[in-house]
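# An overview of the molecular structure
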Amino acid sequence: MATPTLPTGLDAAHLKTIRTRPTVHDQVFTQLRETLMAGRFDPGQVLTIPQLSASFGVSHMPVREALRQLAAENALEPMTNGSLRVPVVSRTRLDDLMEARLAIEPLAAARAAGRADETLLAAVEAAVDAHRSVTPKEGVETLLKLNRDVHFLIYRAAGSAVLNDLIEALWLRFGPYLRMLSQAIGPRLEDAAFKNGADHHLACLVALRAGKAEGARQAIAADIQATHTMLRPLVDGAD
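Residues numbered from 1 in each chain as written. Predicted model: local features only at pLDDT ≥ 70, side-chain atom pairs only at ≥ 80, totals over all residues. Heavy atoms only, no water.

Here helix α5 (residues 118-132) contains 15 residues, and its C-alpha end-to-end distance of 21 Å stays within 8% of the 21 Å for a straight helix at 1.5 Å per residue. If you check which residues of α5 are buried, you get Leu-120, Leu-121, Val-124, Ala-127, Val-128 and His-131. Taken end-on, α5 shows its buried residues confined to a sector of 125°, consistent with a single buried face. In this structure, the buried side of α5 is in contact with α6 (140-156) and α8 (198-210). Measuring from the backbone nitrogen of Thr-119 back to the side-chain oxygen at the start of α5 gives 3.3 Å, which picks out Asp-117 as the cap. (Helix = DSSP H or I, 4+ residues; strand = E, 2+ residues; numbered from the N terminus. Expected span 1.5 Å × (residues − 1). Buried < 20%, exposed > 50% of the residue type's maximum accessible area, 1.4 Å probe, protein only. Arc of directions from axis to C-beta. Contact = heavy atoms within 4.5 Å. Polar contact = N/O pair within 3.5 Å; in protein donor to acceptor, adjacent residues only side chain to side chain.)

Following this line, the structure appears as structure tokens:
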């Protein structure tokens, strides 16, 4: 068997053997990204390299690189003193973000109708049931995690890597608003009538099983619009 040749312009000295996966940087980046997307940081919260390095138990370098990447994704904002913060919220930003979500996420749900196999539909159904059954004891973080699971399982069924990448980017920027939402709806978990989109999820599941693209589109659009309606007065109060 012939020895594989290196691409033009490279020799063995340019490449180093990768011995560990994922790297420390990868782990820091992934955890920070997930935490931001889950809405666990407050809007405007400053993230410092020394604090995060101490929390992760790592050197400054992987934290600095992870923060740089997150800023490039618009998940963090640079400050004049060189620090980075979670983006502040505003009515204009919220409306812009939700308009983008309404353009993209219902499209992914519509594509999923007729494409989702039984294994994926069963996973969506399990997530929908779990979300509908969240108890006050389990808490708002569990509720929101399951809500996210439902959405991303549906979007995965669309079979579009491009749409999924766009949706992830939108949810990453949605994190500060999700934080506000979690603080607002937490006390309402005691109210048995509070569904937080569960009916929309069920409607989408029914449409997916029937292969009805328009029904899936409308269900996800209604869910996003309901979230927007809940958030607007909260953001107005924060301005």
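For the coordinates displayed, the defined rule picks out 17 salt bridges. Notably, a salt bridge pairs Glu-141 with Arg-40, separated by 3.5 Å at the nearest N-O pair. Taken together, the positions of Glu-141 in helix α6 and Arg-40 in the loop between α1 (24-37) and β1 (46-47) put the pair 101 residues apart, joining distant regions of the chain. Its relative accessible area of 49% is what places Glu-141 among the partly exposed residues. Under the relative-accessibility criterion, Arg-40 is labelled partly exposed at 38%. Salt-bridge contacts for Arg-209 lead to Glu-125; the nearest nitrogen and oxygen are separated by 2.9 Å. Here Arg-209, found in helix α8, pairs with Glu-125, found in helix α5; they are 84 residues apart in sequence, far enough to count as distant. Taking the relative accessible area as the measure of exposure, Glu-125 reaches 33% and is therefore partly exposed. Through salt bridges with shared partners, a single ionic network connects Arg-91, Asp-95, Arg-232 and Asp-236. (Salt bridge = Lys/Arg side-chain N within 4 Å of Asp/Glu carboxyl O.)

Bringing the confidence of the model for the protein into the picture now. Confidence along the protein averages 87 in pLDDT terms, with 85% of residues attaining 70 or more. Element-level pLDDT for the protein is lowest in helix α2 (residues 49-56), with a mean of 90, against a maximum mean of 97 in helix α4 (residues 91-112). Contacts from residues 6-12, a stretch scored under 50 in pLDDT, to residues over four places away or in other chains number five contacts. Scored below 50 in pLDDT, residues 14-19 shows three contacts in the model against residues more than four places distant or in partner chains. (pLDDT = per-residue confidence, 0-100.)

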